[in-house]
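The primary structure of each chain is shown beneath.
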Amino acid sequence: QKSKRQNTIALVTGISGTLLCTIGGIMYLSEFEDGLSGGTGYNETNAKNGNALMIAGGGLLLISFPFRVAARKNKRLAIAIKNDPLHALQKNGFRINHVPSLAFKINL
């Protein structure tokens with residue numbers, strides 16, 4: 001459960017970071033087509049906004065990496081709570097009781 005939630009957070013921040021970085025890069029680079037700083041058609045606010053979006057996207061990408069690493073670590077060390085069947089011998093045959101148990105999953 002914990003690793004699934006962390007994996008979802010990593011996926012959402014990674015995808016949104018990639019989108020922000022791409023959109024910001026497109027905005028920033030489109031200003032070079034209109035001319036360099038001081039040229040005709042150059043819009044300084046678009047360049048600054050594109051730069052800010054690229055920085056925000058890069059920050060989100062950096063945030064997603066620790067969540068991805070933690071999700072993989074927690075997936076390897078998973079604890080499962082199960083209701084395992086217990087076969088009990090009685091006078092007139094076997095009876096199946098369900099007993100709650102903890103199971104540790106460790107991949108080597």
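Cut-offs and rules
Residues numbered from 1 in each chain as written. Predicted model: local features only at pLDDT ≥ 70, side-chain atom pairs only at ≥ 80, totals over all residues. Heavy atoms only, no water. Helix = DSSP H or I, 4+ residues; strand = E, 2+ residues; numbered from the N terminus. Areas by Shrake-Rupley, 256 points an atom, 1.4 Å probe, with all protein chains shown as cover. Patch = residues over 30% accessible without salt bridge, like charges linked within 9 Å, V, L, I, M, F, W, Y side chains within 5 Å. Salt bridge = Lys/Arg side-chain N within 4 Å of Asp/Glu carboxyl O. Polar contact = N/O pair within 3.5 Å; in protein donor to acceptor, adjacent residues only side chain to side chain. Contact = heavy atoms within 4.5 Å. Buried < 20%, exposed > 50% of the residue type's maximum accessible area, 1.4 Å probe, protein only.

Draft legend 1. Focus on the overall build of the chain. When you go through the chain residue by residue, the secondary structure sums to two helices and two strands. The order of α-helices and β-strands along the chain, N terminus first, is α-α-β-β. As displayed, the chain has an accessible area near 8,500 Å², and 64% of this comes from carbon and sulfur atoms.

Draft legend 2. Main features of a nonpolar patch on the surface. A cluster of nonpolar side chains, namely Leu 11, Ile 15, Leu 19 and Ile 23, defines an oily patch on the protein surface of about 380 Å² accessible area. Mapped onto the secondary structure, Leu 11 falls in helix α1 (residues 2-33).

Draft legend 3. The arrangement of the side chain of Thr 13 in detail. Among the secondary structure elements, Thr 13 is positioned in helix α1. Here Ala 10 takes part through its backbone oxygen, which lies 3.2 Å from a polar atom of the side chain of Thr 13. Setting aside residues no more than four positions away along its own chain, Thr 13 makes contact with Leu 60 and Ser 64.

Draft legend 4. Geometry of the side chain of Ser 64. In this structure, Ser 64 sits in helix α2 (residues 44-76). Aside from chain neighbours lying at most four places away, what touches Ser 64 is Ala 10, Thr 13 and Gly 14.

Draft legend 5. Molecular detail of the environment of Asn 46. Structurally, Asn 46 can be placed in helix α2. A sequence separation of 15 residues divides Asn 46 from Glu 31, and the C-alpha atoms of the two residues are 7.3 Å apart. Setting aside anything within four residues of it in sequence, one finds Asn 46 in contact with Met 27 and Glu 31.

Draft legend 6. The environment of Thr 22, seen in detail. Here Thr 22 shows up in helix α1. We classify Thr 22 as partly exposed; its relative accessible area is 43%. The spacing of Thr 22 and Leu 53 is 31 residues in sequence and 8.5 Å in space, taken between C-alpha atoms. In this structure the side chain of Thr 22 is engaged in a polar contact, spanning 2.7 Å, whose partner is the backbone oxygen of Thr 18.

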